[in-house]
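Read off the chains here:
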Amino acid sequence: DIVMTQSPLSLPVTPGEPASISCRSSESLLQSNGFNYLDWYLQKPGQPPQLLIYLGSSRASGVPDRFSGSGSGTYFTLTISRVEAEDVGVYYCMEALQTPYIFGQGTKLEIK
Amino acid sequence: QVQLVQSGADVKKPGASVRVSCRASGYTLTGYYLHWVRQAPGQGLEWMGWINPNLGATKYADKFWGRVTMTSDTSINTAYLQLDRLRSDDTAMYYCARNTHLDYWGQGTPVTVSS
């Protein structure tokens, strides 16, 4: 199975400041079609996860443009350009290249 | 709009089986794979498997092989997860989610396994 490693696991951020989360996979997530099968999710307190970014860098429908995804192969980054109070929760990366799908451990973002 | 509505909370004894339902609305179930993901209390997310409702094909995580069954009833646009021989560490929130990139999620079904 692919191993997914996120860092940091805890991320205190001041509103209006940028934030970034990294995700590393034990195998390349770049498929022959040129797409990276790496997704990002946010789980707000008491809610199911919601899709933020798919295929490494494509924003899901309705996701604010302050969220962006980058990276390729085995190293990926989720960046929030200016953190807002509503962004608190746990962020997960997930590989969708092969089964079993594997999630990262999660990064808890909190407001300072 | 797309919605996945899951069945309510359940409490089971060790060794019993649980069946969770996931009713799709706003789209046809057969149009997308349907995944099941669980989350133990205070823990991260764990993928359990998928079903292709169009063909009935399934793919399960090895960890659950032999204990899990995913089915669907396309006449009522509903998918089901059954987990057998429950243990205390199966206590978790169980989610259904649509499509390869899990673009829509159900609200979750809490399952408690306790004697």
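Please refer to the structure higher up on the page.
All residue numbers refer to position in the chain's written sequence, counted from 1. Key to labels: chains lettered from A, ligands numbered from 1, both in the order written. At least 70 in pLDDT is required for a residue's local features to be given in this predicted model, at least 80 for side-chain atom pairs to be given and counted, and no such filter applies to totals for whole chains, interfaces and linings, which use all residues. With hydrogens and water excluded, all non-hydrogen atoms of the structure serve as input to the side-chain values.

1. Re the packing of aromatic side chains
Piece 1. Aromatic rings from Phe, Tyr and Trp, with only the six-membered ring used for Trp, were paired whenever their centres fell within 6.5 Å, and each pair was classed as stacked if the ring planes differed by under 30 degrees, edge-to-face if by over 60, and tilted otherwise. In this structure the tally under the stated criterion is nine aromatic pairs over all chains.
Piece 2. Taking 4.5 Å as the distance between ring centres and 50° as the angle between the ring planes, the aromatic pair formed by Tyr33 of chain B and Trp50 of chain B counts as tilted. Of this pair, Tyr33 of chain B sits in the loop between β3 (18-25) and β4 (34-39) while Trp50 of chain B sits in strand β5 (residues 46-52), placing them 17 residues apart in sequence.
Piece 3. Whether a residue is buried, partly exposed or exposed follows from its accessible area with a 1.4 Å probe, protein chains only, as a fraction of its type maximum: under 20%, in between, or over 50%, in that order. Given a relative accessible area of 15%, Trp50 of chain B falls into the buried group.
Piece 4. Following the ring pairs from residue to residue traces out a cluster consisting of Tyr41, Tyr92 and Phe103 of chain A together with Tyr95 and Trp105 of chain B.
Piece 5. Lying over the aromatic face of Tyr80 of chain B, Arg19 of chain B brings its terminal NZ or CZ to 4.0 Å of the ring centre.
Piece 6. Definition used: whenever NZ (Lys) or CZ (Arg) falls within 6 Å of the ring centre and also within 35 degrees of the ring normal, the charge is taken to sit over that ring. Above the ring of Tyr27 of chain B, the side-chain terminus of Arg98 of chain B is found at 4.7 Å from the ring centroid. Every helix listed is a DSSP run of H or I at least four residues long, and every strand listed is a run of E at least two residues long, numbered separately from the N terminus.

2. Remarks on the environment of Lys12 of chain B
Residues and elements named next belong to chain B.
Piece 1. Structurally, the position occupied by Lys12 is in strand β2 (residues 10-12).
Piece 2. Classification of Lys12 as partly exposed rests on a relative accessible area of 24%.
Piece 3. Separated by 73 residues in sequence, Lys12 and Arg85 have C-alpha atoms that sit 10 Å apart.
Piece 4. Setting aside residues up to four positions removed in sequence, Lys12 forms contacts with Ser17, Val18, Leu86, Thr112, Val113 and Ser114. Whether two residues are in contact is decided by their heavy atoms: any pair within 4.5 Å suffices.

3. Quick look at the sheet that holds strand β1 (residues 3-6) of chain B
Residues and elements named next belong to chain B.
Piece 1. If DSSP finds at least two bridges between two strands, the strands pair. Spatially, β1-β3-β8-β7 is the arrangement adopted by the four strands of the open sheet, whose pairing is antiparallel. The sheet terminates laterally at β1 and β7 (68-73), the two strands that pair on one side only. Strand-to-strand twist of the sheet, defined as the mean angle between neighbouring strand axes without regard to direction, takes the value 20°. Throughout, an axis means a line fitted to C-alpha atoms (over the contacting stretch in the case of helices), and angles, computed between N-to-C directions, take values from 0 to 180 degrees.

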